[in-house]
Amino acid sequence: MSVALVGTKDGLAGSGALKVLLAASLSSISITQRITTAEDLLSISPLAQGLAVTLSTGSSFGGTSSYLMKTIATLAPASCLLGNGDHEAAQVDSWVTYGTTNFDVPIAALKAAILAGGKADASLLASIKKDLDYSISVLNCHLLPQSHMVGNQITVADIALCVALRDAAAENLWDPASDNEKTTHVRKWYNSLITSDVFAQVISSWSALPTSKSVAPCSDSKEVNLHGVAPAVKNKLYKRNRIRIKEVLSDSSYLGKTVTIAGWTRTLRKAGAQLLFLEINDGSCGASVQCTCEASSTEGFEDAKKCGGTGSSFQLTGVLVESPSEGQVVELKVTSAKLLGAVYGGDIQGNTVGGMLYPMSKKAHTLEHMREHAHLRPRSGLHAAAMRVRHAMAYATHKFFHDHGFLYIHTPIITCADCEGAGEQFAVTTMLGSDPHSKDIALPLFEEVQEVEKKLSKKEQKRLAKMASKEKVESIKPEEVKIPGAVDYTKDFFGRRGNLTVSGQLNVETHACALSDVYTFGPTFRAENSHTSRHLSEFWMIEPEIAFADLEDDINLAEDYLKYCVQYALEMCAEDLEFFENSPFGEKGLRDRLKNVLDNPFKRLTYTEAIAILEKAYADGVGFEVKPEWGIDLPSEHERYLCEKVFKKPVVLTNYPKDIKAFYMKLDDDGKTVSAADILVPKIGEIIGGSQREHRKEILVQRCVEMGLDPKAVWWYIDLRKYGTVPHAGFGLGFERLILFITGLDNIRDVIPFPRWAGNAEF
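Only a predicted model underlies this, so the values are computations on that prediction, with no experimental measurement involved.

Caption draft 1: How the structure looks around the overall build of the chain. Across its full length, the chain holds 23 helices and 21 strands. In terms of overall dimensions, the chain has C-alpha extents of about 125 × 75 × 65 Å along its principal axes. By residue count, 46% of the 763 residues in the chain fall in the buried class. Partitioning the contacts of the chain with sequence separation of at least 6, the portion at a separation of at least 24 is 69%. When the accessible surface of the chain is summed, it comes to about 38600 Å², and 53% of that surface belongs to carbon and sulfur atoms. Mean positive and mean negative side-chain charge positions of the chain (82 and 94 charges, respectively) differ by 3 Å.

Right, dumping it as structure tokens:
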């Protein structure tokens, strides 16, 4: 979406234009300035006051500079320039209005007086300066406990007030360089903003006489958003009847105010008969808030005492105050405690209130214990943090591909094709019935056909001979093979054997060959009888496909994607990553390892070069369990040695032997290797596997035969090479392995809500 700021010469030279340009830059929106006449401006918008904003969609907006600034911010809701949530949005709006009333209006009046008489009246100047001094003192007090006007990041309130103070400094109404103790905090806030890269960039490019000047977004010029900017999410009907604990702990404006929270008890401590301390967590963040209940002032105190302790649920209303205790900034002095659900763990039947048998008591638990109680383990700090990171990585994945112009394609879960040719698939059938206790189930089997010799007439013999003499055109589709005694799947639901998919790649390729850039993100299944910490029977795969692309394009996309996920985690999941780094189940130095991924380009080398390195290491005494030699499928110990010991960063291996890779990978010119690429990362080993796809029909058929796959089983996949074939490439990433990589956890069963492996499908 293209955006233009249209205005008169004076309008674009004014500070109102600067506000709009700053909002656009901080929203990562490229905006163009264009001069027009006052008459033309009013034809664009009758409400225009020297400025208007036009969009490529044909929409136009006029009004005050504050209104236009907020309009720009709504085009990029992810920037949170309007605040995070309804409460912050109201505060932002209030401070923008405060800036207009207490700064913009008096400064404009002063400028008008100077313009009219050449010099401002002394009494007017003194009055305006006195009022501004008071307004600045209000800002100074507000900024005492925080670094931004609202919340923990810049909003349009910061933009509006910073520009207003810039105007005030230009009129010598205040001095941002003074040492006045009464303005310490507002000066620190102002100078940090005005000297920041984005403000300096926009101000330097802001011109009083633009004809067609473009102001770039503050982010990297290579940033993309090919699907356009999404509309802002607005609360029209839905609104929480509580405040999330994450906001309570991060927003100092709640101090001294009455708030309502709800959540589950992490700990309960009684101090005599008159005082009760509850530590409440609602899952919005890892931290909990201490809530103090007093018998004399808390409604529902007696019920709260009988809640059963850890695990009970409450809705609490009270005043948020500074906490006198160490280790916590605020606490809630509860005026109303509503017990929503007690813990009935006092006896094995679950009829007695008490925490004795509650599986997730406040003591430390093993990971195996938490897996055995997977329905309750989200209440543990470890699993809750893993799920927040999992959500963040799913969102980052969709955002990355969406902004790059990819389309999200839903590929089938039930399929009759085996993408990898492994054969380790779960069958889907209705022939066993719906009752698991049914006896003597008889599966339909193919019967042996007894051929009866039939005497043919001479006419029939001639007709059959004539047909046989004609060249028979063989069908490209699989033919039904009736093996006596084998299960007759023609009687099954789909008329043939169906399986749970092992990959959505083959299906999504069909759409890449029409829609160019696509991806699928969904569950996949492998019937491997594996019990390692790296394997699941049900897991999620991210599989993009890019048309008109080769292996290098594929590697570049994969590296960009993985780095974006790491950057997103470091910025958006900082609290949870710190938790994992300090957890006994986590990884020391986790964040440094992740930053190393961002700071260095991935090392790229061929499989053959990697084997040479590994063979030398083996000869030098490195104790590999598997001897490295050309042609083997590298085990995890080899992969991790390369990225952890040799290069100490992610590694991309390319051009693998064709015999250890799938049939669909493009055969290299040497006839021995394929255009494949695996990305290896420290701690995990292989995290991404990709390739350029074989787009040449004859070679693809040949590769199917070589790998023992009947080409007729994937006739439709081969068919794509008949009708407008194009070079294309793609990769697959196991989502759970990504979460392991980001969190530093060791077992893949701990990063998925309900893990499935051989012998376990509980819950």
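Caption draft 2: Structural view of helix α2 (residues 15–26). The end-to-end C-alpha distance of α2, which contains 12 residues, comes to 17 Å, matching closely the 16 Å that a straight helix rising 1.5 Å per residue would cover. Judged by how many residues are buried, α2 sits mostly within the fold: 12 of 12 residues are covered. By the burial criterion, the buried members of α2 are Ser15, Gly16, Ala17, Leu18, Lys19, Val20, Leu21, Leu22, Ala23, Ala24, Ser25 and Leu26. Positive backbone phi, at 60°, marks Ser28, one or two positions downstream of α2.

Caption draft 3: Structural view of the environment of Gly586. Of note, Gly586 is situated in the loop between α17 (574–582) and α18 (590–599). Dropping the residues within four chain positions of it, Gly586 is found in contact with Phe580 and Gly744.

Caption draft 4: Summary view of the packing of aromatic side chains. Under the counting rule described, the total for this entry stands at 24 aromatic pairs. Here Phe400 and Tyr564 contribute two aromatic rings whose centre-to-centre distance is 5.8 Å and whose plane-to-plane angle is 40°, an arrangement assigned as tilted. Taken as a pair, Phe400 in helix α13 (residues 381–403) and Tyr564 in helix α16 (residues 551–572) lie far apart in primary sequence, 164 residues in all. Judged by relative accessible area, Phe400 falls into the buried class, the value being 5%. Taking 5.1 Å as the distance between ring centres and 20° as the angle between the ring planes, the aromatic pair formed by Tyr408 and Tyr519 counts as stacked. Residue Tyr408 is located in strand β11 (residues 407–408), and its partner Tyr519 is located in strand β15 (residues 517–525); the two are separated by 111 residues in the primary sequence. Given a relative accessible area of 4%, Tyr519 falls into the buried group.

Parameters and conventions
Residues numbered from 1 in each chain as written. Predicted model: local features only at pLDDT ≥ 70, side-chain atom pairs only at ≥ 80, totals over all residues. Heavy atoms only, no water. Helix = DSSP H or I, 4+ residues; strand = E, 2+ residues; numbered from the N terminus. Buried < 20%, exposed > 50% of the residue type's maximum accessible area, 1.4 Å probe, protein only. Contact = heavy atoms within 4.5 Å. Areas by Shrake-Rupley, 256 points an atom, 1.4 Å probe, with all protein chains shown as cover. Lys, Arg positive; Asp, Glu negative; His and termini not counted. Charge placed at Lys NZ, Arg CZ, Asp CG, Glu CD. Expected span 1.5 Å × (residues − 1). Phe/Tyr/Trp six-rings, centres within 6.5 Å; stacked < 30°, edge-to-face > 60°.

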